[in-house]
Amino acid sequence: MKRTIKDLVNLKGKVVLLRVDFNVPTDDGGKILDTTRIDNELPTIKYLSEQKARIVILSHLGRPEGYDVRKSLWPISIILSRKLDCNVSFCNYCIGEEVKERIKTLPEGDVLLLENVRFYKEEEQCDMKFARELASMADIFVDDAFGVAHRKHASNFGVARILPNAIGFLMEKEINALNQILENPRRPFVAVIGGAKVSTKIKILEKFIEKADTILIGGAMAYTFLRAMGQDVGQSIVNSESIPVAQSILDAARDAGKKILLPIDHVALHAKSKTLVTTSKMYGDLIGFDIGPKTIELYKQELDGAGEIFWNGPMGMYENKAYRNGTQSIAEIIAHTKAYTSVGGGDTVATVNLFGLSHRFDYISTGGGATLKYLEEGSLPAIDVIQEKIL
Ligand code: ADP
Ligand code: 3PG
Ligand code: MG
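Sequence order sets the numbering: in each chain, residues are counted from 1 along the sequence as written. As they are written, the chains are lettered A onward and the ligands numbered 1 onward, keeping that order. Totals for whole chains, interfaces and linings use all residues, but because this is a predicted model, local features are given only for residues with pLDDT of at least 70 and pairs of side-chain atoms are given and counted only at 80 or more. The side-chain figures draw on all heavy atoms in the structure; neither hydrogens nor water molecules are used.

Peer 1: How do you make sense of the site of ligand 1 when you look at a structure like this?
Peer 2: Close to ligand 1 lie 18 residues; K201, N312, E319, D347 and T348 are nearest. A distance of 3.1 Å separates a nitrogen atom of ligand 1 from a polar atom in the backbone of A220. Between N or O atoms, a polar contact is any pair within 3.5 Å; within protein, one atom must be a potential hydrogen donor and the other a potential acceptor, and residues adjacent in sequence are included only when both atoms are from side chains. Take N312: an N or O atom from its side chain is 3.0 Å from an oxygen atom of ligand 1. Considering ligand 1 on its own, with 580 Å² of exposed area, one finds that the protein chains cover 83% of that surface. What counts as a helix is a DSSP run of H or I of at least four residues, what counts as a strand is a run of E of at least two, and both are numbered from the N terminus. Those elements that place two or more of their residues in the shell around ligand 1 are β12 (286-291) and α14 (346-354). With 3 residues, α14 is the single largest residue contributor to the shell around ligand 1. Its residues assigned to classes, the shell around ligand 1 shows 7 nonpolar, 8 polar and 3 charged. One heavy atom suffices: a residue is near a molecule or strand as soon as one of its heavy atoms comes within 4 Å of it. Computed by Shrake-Rupley with a 1.4 Å probe, the accessible areas treat only the displayed protein chains as cover when residues are assessed. Residue type decides the class: Asp, Glu, Lys and Arg count as charged, Ala, Val, Leu, Ile, Met, Phe, Trp, Tyr, Cys and Pro as nonpolar, and the leftover types, Gly among them, as polar.

Take a look at the structure:
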């Protein structure tokens with residue numbers, strides 16, 4: 001078990017470098033569209049503030065190449081100061097004299113938010129000189145940035161190798177929730193996996209053949225599986241190079257006595273005439289963009305009887321309203337079951353928010369790639385480097 005901020009004593013007056021994931025969705029101009037990741041971080045910041053630590057916060061936003069005003073964290077400092085009782089100030093840099101001066105005069109219990117750490121190319125290179133500069137400003141490092149814990153970057157992996165450290169409340173919550181799924185799921189455990197590309201979901205499917213009782217597959221990736229079973233899928237997206245692995249996943253599930261269900265009907269577009277049809281038979285120029293009503297009914301029967309459900313990956317091309325029904329119906333069915341329900345994945349969590357169903361899920365992970373990777377591997381590099389709790 002990892003050391004948490006509750007295990008840290010005498011924080012009064014100490015400079016705590018807190019790595020968070022404030023990688024929030026923004027519009028093209030940089031306007032923040034959703035504050036979920038900020039809201040989820042407040043308990044850790046409030047606790048450190050109550051302990052009278054001097055809190056220096058580091059985060060990335062987007063994938064900038066050098067300075068980009070649209071990716072500045074300054075607007076987040078304004079949001080934070082509205083949501084917190086302590087003072088929040090902002091610094092245009094992450095390292096250097098100005099940061100050091102600002103930290104020297106930072107009052108106990110207050111927050112200094114540093115600029116987007118990805119403005120420095122050394123961050124993603126995990127440059128240890130840069131990590132040492134960051135570490136030199138603080139007494140303790142707290143990593144609460146679960147969403148980026150699958151990356152070995154200077155401000156998480158690098159700094160943790162230098163300073164005494166612990167994880168924050170959000171990281172702890174994510175680890176516990178995902179361990180629960182891996183170690184002690186309620187039965188029957190149904191995993192719903194969708195999305196576009198089979199190659200990005202192979203490991204998670206293999207994991208769920210081991211851990212789940214039933215796997216329901218939707219989204220474009222279903223067509224690679226249907227093709228592996230010898231079915232005509234018309235012109236639907238098929239990752240030809242993934243057909244053998246799809247075949248081996250189906251074989252592994254059969255050998256393990258696990259149920260894998262695939263769509264039995266589709267909402268599909270005739271590529272030439274641009275007419276939409278709902279059909280059980282795919283052929284010719286039909287392209288499947290969503291699961292059909294019979295599939296929704298079939299999947300509902302499995303979901304209604306589940307003890308635990310984990311969902312990742314939309315059932316169709318939900319960005320287009322014509323292909324949203326499958327994803328929305330499955331989201332609503334999951335949201336209204338008695339099962340313990342968790343959801344992860346950038347797009348999938350976005351759909352749950354879009355349908356106004358987030359309050360009906362038991363657990364919504366703040367990670368995208370990190371959540372899937374944690375479920376696949378049972379750990380993440382930036383978590384591994386944190387000190388163990390002394391029991
Ligand atoms: P997450 O981010 O939750 O892990 P993915 O990124 O794996 O989810 O999958 C989401 C993408 O899959 C969406 O952009 C969606 O449009 C696409 N998708 C799902 N089904 C289809 C389909 N039948 N045809 C084309 N794209 C699809
Ligand atoms: C995320 O949003 O998944 C994390 O913040 C990681 O971002 P990245 O994929 O740009 O490293
Ligand atoms: Mg995605």
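Next comes the rest of the account.
Peer 1: Where do I start with the sheet that holds strand β3 (residues 88-91) in this structure?
Peer 2: Strands in a sheet are paired, the pairing made by backbone hydrogen bonds, and the direction either parallel or antiparallel. With parallel pairing, the 6 strands of this open sheet are ordered in space as β3-β4-β2-β1-β5-β6. Because the sheet does not close on itself, it has two edges, and the strands there are β3 and β6 (165-167). On average, each strand axis in the sheet is tilted by 25° relative to the strand beside it, whichever way the strands run. We call two strands paired when DSSP finds no fewer than two bridges between them. Taken together, the 3 bridges between strand β5 (residues 140-143) and β6 define a ladder with parallel strand orientation. The residue bridging F141 from the neighbouring strand is N165, located in β6. We call two residues in contact when some of their heavy atoms are within 4.5 Å. Axis lines are fitted to C-alpha atoms, over the contacting stretch for helices. Their N-to-C directions set the angle, which ranges from 0 to 180 degrees. Strands in contact with helix α4 (residues 97-104) are β1 (15-19), β2 (54-58), β3 and β4 (111-114); relative to β3, the strand with the most contacts, it is inclined by about 165°.

Peer 1: How should I be thinking about the packing of helix α8 (residues 169-183) against helix α15 (residues 369-377) in this particular structure?
Peer 2: For any two helices packed against each other, one specifies the crossing angle of their axes together with the interaxial distance. The N-to-C vectors of α8 and α15 enclose an angle of 45°; their axes lie 10 Å apart at closest approach. With respect to α15, the axis of α8 lies oblique. Here the hand of the crossing between α8 and α15 comes out right-handed. In contact with I175, L178, N179, I181 and L182 of α8, α15 contributes T371, Y374 and L375. Tallied by class, the residues present in the contact of α8 with α15 amount to 6 nonpolar, 2 polar and no charged. If an angle is under 35 degrees, it is roughly parallel; if it is over 145, roughly antiparallel; if it lies from 65 to 115, roughly perpendicular; otherwise it is oblique. Here is the rule for handedness: rotate from the far helix to the near one, and if that takes an anticlockwise turn smaller than a right angle the crossing is left-handed, while a clockwise turn gives right-handed.

Peer 1: Looking at this structure, I do not really get the packing of aromatic side chains. What am I missing?
Peer 2: Each aromatic ring pair is specified by the distance between its two centres and by the angle formed by the two planes. In summary, the pairing rule links any two rings of Phe, Tyr or Trp, Trp by its six-membered ring, whose centres are within 6.5 Å, and it sorts them by plane angle into stacked for under 30 degrees, edge-to-face for over 60 and tilted for everything else. For the structure on display, the rule yields 7 aromatic pairs. Residues Y67 and F119 carry aromatic rings whose centres are separated by 4.8 Å and whose planes lie at 65° to one another, so their mutual orientation is edge-to-face. Of the two residues, Y67 is situated in the loop between β2 and α3 (74-83) and F119 in the loop between β4 and α5 (121-124); the sequence distance between them amounts to 52 residues. Each residue is placed in one exposure class: buried if its accessible area under a 1.4 Å probe, protein chains only, is under 20% of its type's maximum, exposed if it is over 50%, and partly exposed if it falls in between. On the basis of relative accessible area, Y67 is assigned to the exposed category, the value being 56%. Measuring from ring centre to ring centre gives 5.6 Å for F208 and F310, while their planes differ by 40°; the resulting arrangement is tilted.

Peer 1: Please clarify how the packing of helix α12 (residues 293-304) against helix α13 (residues 325-335) should be interpreted in this entry.
Peer 2: Relative to each other, α12 and α13 sit at 20°, their axes nearing to 10 Å. One element, α12, and the other, α13, form an angle in the roughly parallel class. In this structure, α12 meets α13 at a crossing whose hand is right-handed. Here α12 contributes I296, Y299, K300, L303 and D304 to the contact with α13, which in turn contributes N325, G326, S329, I330, I333 and I334. Taken together, the residues of the contact of α12 with α13 break down into 6 nonpolar, 3 polar and 2 charged.

Peer 1: Just checking my understanding: could you explain the nonpolar core for this structure?
Peer 2: Generally speaking, nonpolar side chains in soluble globular proteins are found buried as a group. Put simply, buried Ala, Val, Leu, Ile, Met, Phe, Trp, Tyr and Cys residues joined by side-chain atoms within 4.5 Å make one nonpolar core. Among the nonpolar cores identified, the biggest contains 72 residues, and L114, L134, F208, I217 and F225 are the most heavily contacted of them. With 6 residues, the single largest contributor to this core is helix α10 (residues 221-228). Aside from chain neighbours lying at most four places away, what touches I217 is I193, L205, A222, F225, I260, L261, L262, P263 and Y299. One finds V20, I38, I45 and V88 within the second-largest nonpolar core, a separate group that totals 31 residues.

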